[in-house]
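Spelled out from the first residue to the last, the chains are:
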Amino acid sequence: MEFESRVKKAIKAIPRGQVATYSQIASLAGDYKAARQVARVLHASSDKDRLPWHRVINSRGGISLPRGRGFEQQRRLLKREGVAVEASGRIDLNVYLWEPAPAPSRAAREFVRRLMGED
DNA sequence: CCTATGACAGACA
DNA sequence: GTGTCTGCCATAG
C-alpha cells in the first residue's frame, strides 16, 4: 500500500491548470514502469480521496477515459481550470504538462551560495 | 502458488 | 494519422 499512497500524493501535487501523465506520476511515486498501476489506483479510487484525478492524462496528451464513461466530465473539469481540451480529448503537453521543480542539486546550492557571497 | 485486471507506453507496420 | 503487439507490475481473489 506504500506505492499506492505515494501515487495519490503525487497526484495531489499536480497544480491547477496543469496536467501530468500516468507514467510521470508513476515515476514520481518511485517506479517509472508502473503507469498501469497508476491507472489501476485511479480506477479503484473513490471520490473520498479528493484526488484531482482529471489532471492525469496519457502520454499522447489525451484523455484516456472512454466517451460516455468519464471523458466528458474530465474534459469539463479541465476546461473549468483553464486547460484547453480539443473535442478529440487532446491537450497540448507543451503548454500544460506539469514540470515539477527539481530539488536544487548540491552544485546549484553551492553556486547560489557563492553568488550571494556567503562564507 | 496461480490467474485476471487495469483510465498505460513504446515500438513497429 | 491507425491498428496491433508486447512488456509492464501492484493488487485482488
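Quick note: structure is the one above.
Everything numeric here is computed off the predicted structure, so don't read it as measured data.

About the thresholds
- Residues numbered from 1 in each chain as written.
- Chains lettered and ligands numbered in written order.
- Predicted model: local features only at pLDDT ≥ 70, side-chain atom pairs only at ≥ 80, totals over all residues.
- Heavy atoms only, no water.
- Axes fitted to C-alpha atoms, helices over the stretch in contact; angles between N-to-C directions.
- Helix = DSSP H or I, 4+ residues; strand = E, 2+ residues; numbered from the N terminus.
- Parallel < 35°, antiparallel > 145°, perpendicular 65-115°, else oblique.
- Contact = heavy atoms within 4.5 Å.
- Nonpolar A, V, L, I, M, F, W, Y, C, P; charged D, E, K, R; others polar.
- Near = heavy atom within 4 Å.
- Polar contact = N/O pair within 3.5 Å; in protein donor to acceptor, adjacent residues only side chain to side chain.

(A) Spotlight on the packing of helix α1 (residues 2-12) against helix α3 (residues 35-44). In contact at an axis separation of 10 Å, α1 and α3 are set at 80° when each is read in the N-to-C sense. Accordingly, the angle class assigned to the pair α1 and α3 is roughly perpendicular. Counting all contacts with α1, which are made through F3, E4, V7, K8 and I11, the residues of α3 involved are Q37, V38, R40, V41 and L42. Here the residues of the contact of α1 with α3 are counted per class, giving 6 nonpolar, 1 polar and 3 charged.

(B) Representation of the protein's contact with DNA strand B. Among the 14 residues in the neighbourhood of DNA strand B, the closest are listed as Y22, R36, Q37, N58 and S59. Protein-adjacent atoms of DNA strand B, using a 4 Å cutoff, are sugar or phosphate at a proportion of 39%. A distance of 2.9 Å separates a base nitrogen of DNA strand B from a polar atom in the side chain of R36. Among the secondary structure elements, those contributing two or more residues to the surface near DNA strand B are α2 (22-28) and α3. When residues of the surface near DNA strand B are assigned to their parent elements, the largest contribution, 6 residues, is made by α3. Split by residue class, the surface near DNA strand B holds 6 nonpolar, 6 polar and 2 charged.

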